[in-house]
Number of protein chains: 2
Amino acid sequence: MHFSKTTEYAIRVLSYLHRYSSTSHSVNVLHQELNLPYKYLTKMMTELVKKGLVTASRGREGGLSLAKNADEIHLCDILEAIGEPLESERCILGFEKCDASNPCALHDQWAPPKAMIEAMLTNTTLASLLHDKETKL
Amino acid sequence: MHFSKTTEYAIRVLSYLHRYSSTSHSVNVLHQELNLPYKYLTKMMTELVKKGLVTASRGREGGLSLAKNADEIHLCDILEAIGEPLESERCILGFEKCDASNPCALHDQWAPPKAMIEAMLTNTTLASLLHDKETKL
DNA sequence: TTATAATACTACTACAAAGTAGATAAATAC
DNA sequence: GTATTTATCTACTTTGTAGTAGTATTATAA
Ligand code: SF4
Ligand code: SF4
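Procedures and definitions
- Throughout this description, residue numbers start from 1 for each chain and increase along the sequence as written.
- Numbering of ligands from 1 and lettering of chains from A proceed in the order in which they are written.
- Thresholds applied to this predicted model are a pLDDT of at least 70 for local features of residues and 80 or more for the giving and counting of side-chain atom pairs; totals over whole chains, interfaces and linings are not thresholded and use all residues.
- With hydrogens and water excluded, all non-hydrogen atoms of the structure serve as input to the side-chain values.
- Only runs of H or I of at least four residues qualify as helices and only runs of E of at least two qualify as strands under DSSP, and these elements are numbered from the N terminus.
- Here a cavity denotes a set of grid points, spaced 1 Å apart and computed over the protein atoms alone, in which a 1.4 Å probe fits but from which it cannot get out, and a pocket denotes an open set meeting protein on both sides within 12 Å along at least five of seven lines; residues with an atom within 4 Å of a point are reported as lining.
- Grid points are joined across faces, edges and corners, and a volume is the space filled by probe spheres set on the points.
- Following the grouping adopted for this structure description, the nonpolar residues are Ala, Val, Leu, Ile, Met, Phe, Trp, Tyr, Cys and Pro, the charged ones are Asp, Glu, Lys and Arg, and the polar ones are all others, Gly among them.
- Note on contacts: a residue pair qualifies if any of its non-hydrogen atoms lie within 4.5 Å across the two residues.
- Buried area counts how much accessible surface, traced with a 1.4 Å probe, disappears from two parts once they are put together, with both parts' losses summed.
- When a carboxyl oxygen of Asp or Glu is within 4 Å of a side-chain nitrogen of Lys or Arg, the pair counts as a salt bridge.
- Here a polar contact is recorded for every N or O atom pair within 3.5 Å, except that within protein the pair must consist of a potential hydrogen donor and a potential acceptor, and residues adjacent in sequence are included only if both atoms are side-chain atoms.
- To line up the copies, we fit them by least squares on C-alpha atoms, keeping just the residues with pLDDT of at least 70 in both.
- For two strands to pair, DSSP has to find at least two bridges joining them.
- Each residue is tested against the molecule or strand, and it is near if at least one of its non-hydrogen atoms lies within 4 Å.
- Every axis in this analysis is a line fitted to C-alpha atoms, fitted for helices over the stretch in contact. Angles between the N-to-C directions lie between 0 and 180 degrees.
- Angular relationships are summarised with four words: roughly parallel below 35 degrees, roughly antiparallel beyond 145, roughly perpendicular across 65 to 115, and oblique for the angles in between.
- When the near helix sits turned anticlockwise from the far one by under a right angle, the crossing is termed left-handed; a clockwise turn instead gives a right-handed crossing.

K.L.:
Got a sec to walk through the environment of B:S15? Specific residues and values, please.
P.N.:
Relative to the helices and strands, B:S15 resides in helix α1 (residues 5–19). With 92 residues separating them in the primary sequence, B:S15 and B:H107 have C-alpha atoms 33 Å apart.

Structure representation (structure tokens):
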């Protein structure tokens, strides 16, 4: 019951880019500040650039920064960019097509948490996260 | 954001054993009825036997059945037997040790769904699942 | 113009989860 | 006793995610 590592990384990186959004940051900085594997990050960030969440500029003084306002980036956008399946797409017992009229045994118990997670993912923006500088990232 | 395949399989199998608990069922029957890979199931069921959730008897008329009353088997027991980490053990952004006094950026948003999932896993027993025979497993 | 700091690309390795195959051991119906 | 039905054991293959390595490309400061 967890996100993929890649999703975790993406959330942490984007949070960092938002928290220190006065300037852009190189992959190397993100790698050092967040303790994430450098080469893996380069791949991931290239992907986030392609998906339009991040802008990149090369050369000296280049680096990465958010491509949109932080209040326009929802958590579900991040999951989608990464390719992490959303709750609505692949549900708890692994059945593909499922709805309340053809429920699995767990449906009644799972529906409330499921709805809560979905709401949280769709309603939460980067801007609405904790931005206390003390918060770990 | 999902359970491991093995956990999904375990929940489905145990639900089946409970629903049709008047007799025991061979791995072969479970394999056919639930459309799960036979060899993989044998391994998994052996594990569930070792963990004390299921009893097995060999030979003709043998098979598998629940080792406890269905109202004594909670979902979290199943996850634990499978080795799936619970919410409390590994949290949303992958930090190991985390508490409200040293939160990650997502903590405030994640806490409610997290609590709801944990409550659901600890409170839900096999007996409390939907047992309408129409429910898919 | 040139050295340098950065992203982007291609290809590989490492590991764990999922799935497969074949042989062995136990219980029981006959 | 024996054949058959069942679980159990050991070992392998496949697949997907995570992580690594080296090179090419781009931009800019000097
Ligand atoms: S029936 Fe409900 S809980 Fe089960 S897989 Fe479908 S939506 Fe999810
Ligand atoms: S701070 Fe809260 S949400 Fe973040 S990892 Fe810890 S318990 Fe989970």
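Here the narrative resumes.
K.L.:
Can you lay out empty space enclosed by the protein for me, pointing to particular residues and giving the numbers?
P.N.:
Where empty space is left can be seen by rolling a probe of water-molecule size over the atoms. Within this structure, the stated rule accounts for one cavity of 30 Å³ or more. One number sums up the size of the largest cavity: a volume of about 40 Å³. Taken together, A:M1, A:H2, A:F3, B:M1, B:E87, B:R90, B:C91, B:I92 and B:W110 form the lining of the largest cavity. Partitioned by chemical class, the residues of the lining of the largest cavity number six nonpolar, one polar and two charged.

K.L.:
Let's hear about the interface of chain B and chain A: which residues, and what values?
P.N.:
The interface of chain B with chain A comprises 37 residues on the first partner and 37 residues on the second. Summed over both sides, the interface of chain B with chain A buries roughly 3,900 Å², with 65% coming from carbon and sulfur. Of all residues in chain B, the largest losses of buried area upon contact with chain A belong to B:M1, B:A105 and B:K136, amounting jointly to 21% of the total for that side. Where chain B touches chain A, the interface holds zero salt bridges. Our count for the chain B to chain A interface comes out at six residue pairs in polar contact (both at pLDDT 80 or more). Elements that contribute at least two residues to the side of chain B that touches chain A include exactly α1 and α5 (107–123) of chain B. The dominant element in the side of chain B that touches chain A, judged by the number of residues it contributes, is α5(B), at eight residues.

K.L.:
Just give me the short version of the relation of the copies chain B and chain A, but keep the residues and values in it.
P.N.:
The operation relating chain B to chain A is a screw motion whose rotation component is 180°, with 0.0 Å of axial translation and a residual RMSD of 0.1 Å. The two molecules are tied by a two-fold rotation axis, judged by turn and shift.

K.L.:
I'd like a description of the pairing of strand β1 (residues 54–57) of chain A, backed by residues and values.
P.N.:
Residues and elements named next belong to chain A. Inspection of the sheet shows β1 paired to strand β2 (residues 63–66) by four bridges, in the antiparallel sense. In the strand pairing of β2, V54 is matched with L66. Turn length for the β1-β2 hairpin, with the two strands adjacent in sequence and antiparallel, is five residues, and the turn residue G59 shows positive phi of about 75°.

K.L.:
Lay out the protein's contact with DNA strand C in plain terms, naming residues and giving numbers.
P.N.:
Around DNA strand C, the structure places 23 residues, and the nearest of them are A:V27, B:K5, B:T6, B:Y9 and B:K39. The sugar and phosphate moieties of DNA strand C supply 66% of its atoms located within 4 Å of the protein. Interatomic distance of 3.3 Å between a side-chain N/O atom of A:R58 and a base oxygen of DNA strand C. One of the side-chain nitrogen or oxygen atoms of B:K43 is found 3.0 Å away from a base oxygen of DNA strand C. Listing elements by their share of the surface near DNA strand C, those giving two or more residues are α3 (38–50), β1 and β2 of chain A together with α1 and α3 (38–50) of chain B. Among the residues forming the surface near DNA strand C, the class breakdown is seven nonpolar, eight polar and eight charged.

K.L.:
Outline the packing of helix α1 (residues 5–19) of chain A against helix α4 (residues 75–82) of chain A, listing residues and values.
P.N.:
Residue and element names in this part refer to chain A. Where α1 contacts α4, the axes come no closer than 10 Å and their chain directions differ by 130°. For the element pair α1 / α4, the angle class is oblique. Handedness of the α1/α4 crossing: right-handed. Note on element contacts: α4 touches α1 through I78, L79 and I82, opposite T6, T7, A10, I11 and L14.

K.L.:
Can you lay out the protein's contact with DNA strand D for me, pointing to particular residues and giving the numbers?
P.N.:
A:K5, A:T6, A:K39, A:R58 and B:V27 are the nearest of the 25 residues found near DNA strand D. Protein-adjacent atoms of DNA strand D, using a 4 Å cutoff, are sugar or phosphate at a proportion of 68%. Contact between DNA strand D and A:T6: a phosphate oxygen at 2.7 Å from a side-chain N or O atom of the residue. Between DNA strand D and the protein, one listed contact pairs a phosphate oxygen with a side-chain N or O atom of A:Y40 at 3.5 Å.

K.L.:
Residue-level account of the layout of surface pockets, with values.
P.N.:
Volume-wise, the largest pocket comes out at about 280 Å³. Contributing to the lining of the largest pocket are 14 residues, with A:V27, A:A56, A:S57, A:G63 and A:L64 lying nearest its centre. Listing elements by their share of the lining of the largest pocket, those giving two or more residues are α2 (27–34), α3, β1 and β2 of chain A. With five residues, the single largest contributor to the lining of the largest pocket is α3(A). For the second largest pocket, the lining is made up of 14 residues, of which B:V27, B:M45, B:T46, B:A56 and B:L64 are closest to its centre. Only α3, β1 (54–57) and β2 (63–66) of chain B provide two or more residues apiece to the lining of the second largest pocket.

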